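Tertiary structure, described
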Amino acid sequence: MSLRGNFQLQRGEFRLETGDFEIPSSGLTAIFGHSGSGKTTFLRCLAGFEDQTMGQVKFFDQAWLSAGKSLAIHKRKLGYVFQEASLFVHLNVEDNLRYGLKRATKSSQVAHQISFPQVVEWLGLARLLKRDVVTLSGGEKQRVAIGRTLLSQPKILMMDEPMASLDLFSKRAIMPYFERLRDELEIPILYITHSPEEVERLADTVVFMEKGRISKIELIEQALNREGTPLYQSAEPRSVLSAQVVEQHLEDGLTGLKVGDAELWVPAVQQGIGEWVRVVVSAQQVSLLAEKPLQSSILNHLPVTIESLEAINDYSVLVHLRVGNEPWPLLAQVTKRSKNGLGLSVGQQWIAAIKSASILN
Amino acid sequence: MLAGVDLQPLWVTLQVASYTTVLLIVLGTPLALWLARIQGMKKALFEAMVALPLVLPPTVLGFYLLVTIGPEGPIGSLWASLGFSPLTFSMSGLVIGSFLYSLPFAIQPLMHGFEQLGKRPIEVAATLGAGPIDRFFSVILPLTRRHYLVAATLAFAHTVGEFGVILMIGGNIPGVTQVASIAIYDHVEAMEYSQAHVLSAIMLVMSLLVLTIVYSVNRRMEVKIG
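Scope of this entry: the structure provided in the associated data block. It should be emphasised that the depicted structure is a prediction, and the values quoted were computed from it without experimental measurement. (Residues numbered from 1 in each chain as written. Chains lettered and ligands numbered in written order. Predicted model: local features only at pLDDT ≥ 70, side-chain atom pairs only at ≥ 80, totals over all residues. Heavy atoms only, no water.)

1. Thoughts on the overall build of chain B
The condition is simple: Put simply, DSSP marks the helices as runs of H or I at least four residues long and the strands as runs of E at least two long, and each gets a number from the N terminus on. Categorising residues by exposure relies on relative accessible area from a 1.4 Å probe, with only protein chains included: less than 20% of the type maximum marks a residue as buried, more than 50% marks it as exposed, and the intermediate range marks it as partly exposed. In this description, contact between two residues means that some pair of their heavy atoms is separated by no more than 4.5 Å. Accessible surface area values rest on a Shrake-Rupley calculation with a 1.4 Å probe, where residue burial reflects the displayed protein chains alone. Charge assignment: positive for Lys and Arg, negative for Asp and Glu; neither His nor the chain ends contribute. Note that the charge is assigned to NZ on lysines, CZ on arginines, CG on aspartates and CD on glutamates.
Across its full length, chain B carries eleven helices and zero strands. The order of α-helices and β-strands along chain B, N terminus first, is α-α-α-α-α-α-α-α-α-α-α. Projected onto the principal axes, the alpha-carbon positions of chain B cover approximately 65 × 45 × 30 Å. Counting only residues that meet the buried cut, chain B has 43% of its 226 residues in that class. Across chain B, contacts joining residues at least 24 apart in sequence account for 73% of those joining residues at least 6 apart. Counting only carbon and sulfur atoms, one obtains 72% of the accessible surface of chain B, whose full area is about 12,000 Å². The averaged location of the 11 negative side-chain charges in chain B is 22 Å from the averaged location of its 11 positive side-chain charges.

Structure representation (C-alpha cells):
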C-alpha cells in the first residue's frame, strides 16, 4: 500500500474524519460519494492544501503529515488536477506544459519517465502548443492541465472531478484519454467523482465517502457486485465479471472473452487479445437451462453452480450463480413459478443462457 | 524664464519619491500577501491600521513621527546610539515619513490584486514543484503586474504631492530636505510668484505625463491579459 494515513479536519460545522485508510500503489482509485460527503476536502488534505489538518499521512516511506509537521507541497512530487483547468493565463499552452517539467528537471538528474513528446501525443496537444490558453475550449484546457501535471513527473496523480466542468460532448471526447492514463501510467491515480459511470469505466478500487468519513475501500468488482452498492442504488440487479479477450471475430462483429473456463461472445471491443475487460450482465438477461441446447439463437451458454437464492419481490427470485472458480457471482432473475417448477436449489449445476452482455470499457 | 529659479527642490522630491516607492514595493509585498491571506477581526484591524494615513491629518502623523524618531524619541535615540546621524531633518527621515504616509496607496492595490488572484494559481504552482520564492516570481508577480503598476504609481504620485508630514519631520533645508511642494509654498509666502509658477507648471506637466504613460501601459497590459 502506497498511501496511508488517518487524519481529521474541522471546518465550521463540517468534520472530516478518515479513520485508518490505505490506498493501493497502482491503478486508479476512485473517491466516490454524494456532494457534501467530503471528497474534495479529503483529497485537499491529502495533498497538503489544508493547513488545519491533524493526523498522519505517509506516502511510501515519506512522511507527508506527522506530529503537526507538514511536508511542503512542492517537495511531495504529487500531481493535482483541479475541477477547473486553472491554467496560468500569462503563459501559452507550451509554457504551461513545461512549467512543471522545468522544475522537475532541475531537482533531479534521473531521466524522466514522462517525456514532452509523449504527453503531447497522448493528449493530442500538438496543434495547441502555441495557442493562448484563454482561446481553448473547456476540454482542451483540461487536457493541457492534465499534461502539465504529468510532465511534472509526479509519483502520484490526484484528480478532483476533472470532468465536472465539461459538457457531455467534451466528456465523451476526453474519457479515452483517462483510460489511457490509467493503463499506461505506472503511478497510483486518485480520482474524485460522483458519477457511477466514471467509476465503472475507470476505477480499479473505490473509496466510498459518506458524511465526512470513509465508509469503505474495496476493489471495483467487489463494489459493483455488492448488494445495495451506492454505485447504483436504483438500477436493476446485474453482475460485473472480469474477462480476458481471447478471440476477435471481426467478420461477425464479435469478440470472444474468457470467463473462468467458459467462453463468452460480446459485440466487438477495441481491446487486443490478452487484455482484460469488465462485462456487465443484467440479471434479467440470464435464463437457466438444464443442458446446453443443440440449436439456439443465444450464443452464450455458461456452465454454472447455484450458490444461493433470494426472493426480491412477490413473483421473482434472484439466483446467485458461480461460473467455474470466478470470484464474482453471476446473477439471474427468474420467476418464482420457474424456480418451483424447475426445483432450483443450492449446489445444482445448470447452464446459464446469456441473451446480452455489455462491456464497460 | 528658468533663470533664477532653484530647481533643486524638484530633484529632492524625485529622490524621496523614488526611494519611497522602491521601499514600499519591496516591503509592501510581504505585508500585502499576509493581509490578503488573514481573515476575520485580525484582518479588519490590520487593514484599518494600514489605512490610517488616509484619514489622519498629515500633521498628526508627522507629530508622532517626530516624537518617535526625533533624537529624544525611542527609535531616534536608539538610532543615535548606533552611531548614525539623526533621522529628523534628513533624507532618511523624509523617506521614513513618506513610507508611512503613502503606505495605503501601495498596500491596497497589491492586497486587492492578491485577493483577486486567489490561492488556486499558487496551489497549482506548488504541486508543479515550485517553492515559495519561485512561485512569487513565476506566477504571482506576472499575474498581478497591473496591480504593481498601480501601486507604484499611486505611491510615487502621493509622495510627490506630500507636504504636511515632510514639513513636520524634515523641516525645510534647501538642497537637503526642501521638496518642491514646500518650496512652492515658500515662494508664495515670499510673494515670488514667478518662481512658484515655474515649479508648479513643471510639477503639473510632469504629473500629467507620468500618469498618461502609466494609463496607456496599463491599458495595453489589460488587452494582452484579456
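Let us keep going from here.
2. Notes on the packing of aromatic side chains
Test applied: When two rings of Phe, Tyr or Trp (its six-membered ring) have centres within 6.5 Å they constitute a pair, described as stacked for plane angles under 30 degrees, edge-to-face for angles over 60, and tilted for the intermediate range. To sit over a ring, a charge needs its Lys NZ or Arg CZ within 6 Å of the ring centre and within 35 degrees of the ring normal.
One pass over the structure, following the stated rule, counts 17 aromatic pairs over all chains. For the ring pair Phe7 of chain A and Phe42 of chain A, a centre distance of 5.7 Å and an interplane angle of 15° mean the geometry is stacked. With Phe7 of chain A in strand β1 (residues 3–11) and Phe42 of chain A in helix α1 (residues 39–47), this pair connects stretches of sequence that are 35 residues apart. In this pair, the class of Phe7 of chain A matches that of Phe42 of chain A, namely buried. Taken together, a centroid distance of 5.0 Å and an interplanar angle of 80° make the contact between Trp34 of chain B and Phe46 of chain B edge-to-face. Taken together, the positions of Trp34 of chain B in helix α1 (residues 8–37) and Phe46 of chain B in helix α2 (residues 40–55) put the pair twelve residues apart, joining distant regions of the chain. Taken together, the ring pairs in this structure connect Phe7, Phe21 and Phe42 of chain A into an aromatic cluster. The side chain of Arg103 of chain A reaches across the aromatic face of Tyr99 of chain A, ending 3.7 Å from its centre. For the cation-ring pair, Arg148 of chain A lies above Phe88 of chain A, with the distance from its terminal atom to the ring centre recorded as 4.7 Å.

3. Focus: the pairing of strand β9 (residues 156–160) of chain A
Residues and elements named next belong to chain A. Rules: Strands pair, by our definition, only if DSSP identifies at least two bridges between them. Look down the strands so they point away from you; if going from the first strand over the helix to the second traces a clockwise path, that crossover is right-handed.
In terms of residue burial, β9 counts as a mostly covered element, since five of its five residues are buried. Burial along β9 is two-sided: Ile156, Met158 and Asp160 facing one way and Leu157 and Met159 facing the other are all buried. Note: β9 against strand β10 (residues 189–193), four bridges, orientation parallel. Within β10, the position partnered with Leu157 by the bridge is Ile189. Crossover connection from β9 via helix α5 (residues 168–184) to parallel β10: handedness right-handed.

4. A look at the sheet that holds strand β16 (residues 276–282) of chain A
Residues and elements named next belong to chain A. Strands sit in the order β15-β14-β13-β16-β22 across an open sheet of five strands; the sheet is antiparallel. Because the sheet does not close on itself, it has two edges, and the strands there are β15 (262–267) and β22 (358–359). For β16 and β22, the ladder comprises two bridges, and the chain directions are antiparallel. When the sheet's bridge partners are listed, Val279 is paired in β22 with Ile359.

5. Notes on helix α3 (residues 58–69) of chain B
Residue and element names in this part refer to chain B. Rules: Expected helix span is given by 1.5 Å per residue-to-residue step, counting one fewer step than there are residues. Directions pointing from the helix axis toward each C-beta atom define the arc.
If you check α3, its first and last C-alpha atoms are 16 Å apart, about what twelve residues at 1.5 Å a residue would give, namely 16 Å. Looking at α3, one finds that the buried residues are Leu61, Gly62, Leu65 and Ile69. End-on view of α3: buried residues confined to an arc of 95°, all on one side of the axis. On its buried face, α3 is in contact with α2, α4 (74–81), α5 (91–117) and α9 (164–170).

6. Quick word on the interface of chain B and chain A
Test applied: Here the quantity called buried area is the total loss of accessible area, with a 1.4 Å probe, experienced by two parts when brought into contact, counted for both. Criterion for a salt bridge: a side-chain nitrogen of Lys or Arg within 4 Å of a carboxyl oxygen of Asp or Glu. Think of a polar contact as two N or O atoms within 3.5 Å of one another; within protein, one of them needs to be a possible hydrogen donor and the other a possible acceptor, and neighboring residues in sequence only count if both atoms come from side chains.
Listed per partner, the contact involves 19 residues of chain B and 18 residues of chain A. Together, the buried faces of chain B and chain A total about 1,700 Å²; carbon and sulfur atoms form 61% of this surface. At the junction of chain B with chain A, the criterion picks out three salt bridges. Summed over the shared surface of chain B and chain A, the result is six residue pairs in polar contact (both at pLDDT 80 or more). At the level of elements, α6 (120–127) and α7 (132–143) of chain B are the ones that each hand at least two residues to the side of chain B that touches chain A.

7. Quick notes on the side chain of Arg148 of chain A
Considering the arrangement of structural elements, one finds Arg148 of chain A in helix α4 (residues 138–151). With no salt bridge to any partner, buried Arg148 of chain A finds its closest opposite charge in Glu84 of chain A, at an N-O distance of 9.9 Å. Excluding its chain neighbours within four sequence positions, the residues that come into contact with Arg148 of chain A are Ala85, Ser86, Leu87, Phe88, Asn96 and Leu97 of chain A together with Val124 and Leu128 of chain B.

8. Regarding the nonpolar core
Formally: What is meant by a nonpolar core is a set of buried Ala, Val, Leu, Ile, Met, Phe, Trp, Tyr and Cys residues, joined one to another through side-chain atoms within 4.5 Å.
Within the largest apolar cluster, 57 residues are counted, with the highest numbers of intra-cluster contacts made by Leu3, Phe42, Leu46, Met158 and Leu190 of chain A. It is α5 of chain B that provides the largest number of residues to this core, a total of eight residues. Apart from the residues lying within four places of it in its own chain, the contact partners of Leu190 of chain A are Leu3, Ile23, Thr29, Ile31, Leu43, Leu46, Ile156, Leu157, Met158 and Met159 of chain A. Counting 49 residues, the second largest nonpolar core, distinct from the first, contains Ile114, Leu136, Val206 and Val280 of chain A.

9. Concerning the pattern of salt bridges
Taken as a whole and assessed by the stated rule, the structure comprises 18 salt bridges over all chains. Arg44 of chain A is paired through a salt bridge with Glu50 of chain A; the nearest N and O atoms lie 2.8 Å apart. Look at Glu50 of chain A and you get buried, because its relative accessible area is 13%. The closest approach of N and O atoms between Arg131 of chain A and Glu140 of chain A, which form a salt bridge, is 3.8 Å. By relative accessible area, Glu140 of chain A is classed as buried at 17%. Members of the salt-bridge network, linked through shared partners, are Arg11, Arg44, Glu50 and Glu84 of chain A together with Arg120 and Glu123 of chain B.

10. Details of the sheet that holds strand β19 (residues 316–322) of chain A
Residues and elements named next belong to chain A. Rules: What counts as an axis is a line fitted to C-alpha atoms, over the stretch in contact for a helix, and the angles between N-to-C directions run from 0 to 180 degrees.
Taken in spatial order, the five strands make up an open sheet running β17-β21-β18-β19-β20, and their pairing is antiparallel. With partners counted over all chains shown, the strands left at the sheet margins are β17 (286–289) and β20 (330–335), one partner each. Across the sheet, the mean angle from the axis of one strand to that of its neighbour is 50°, orientation sign disregarded.

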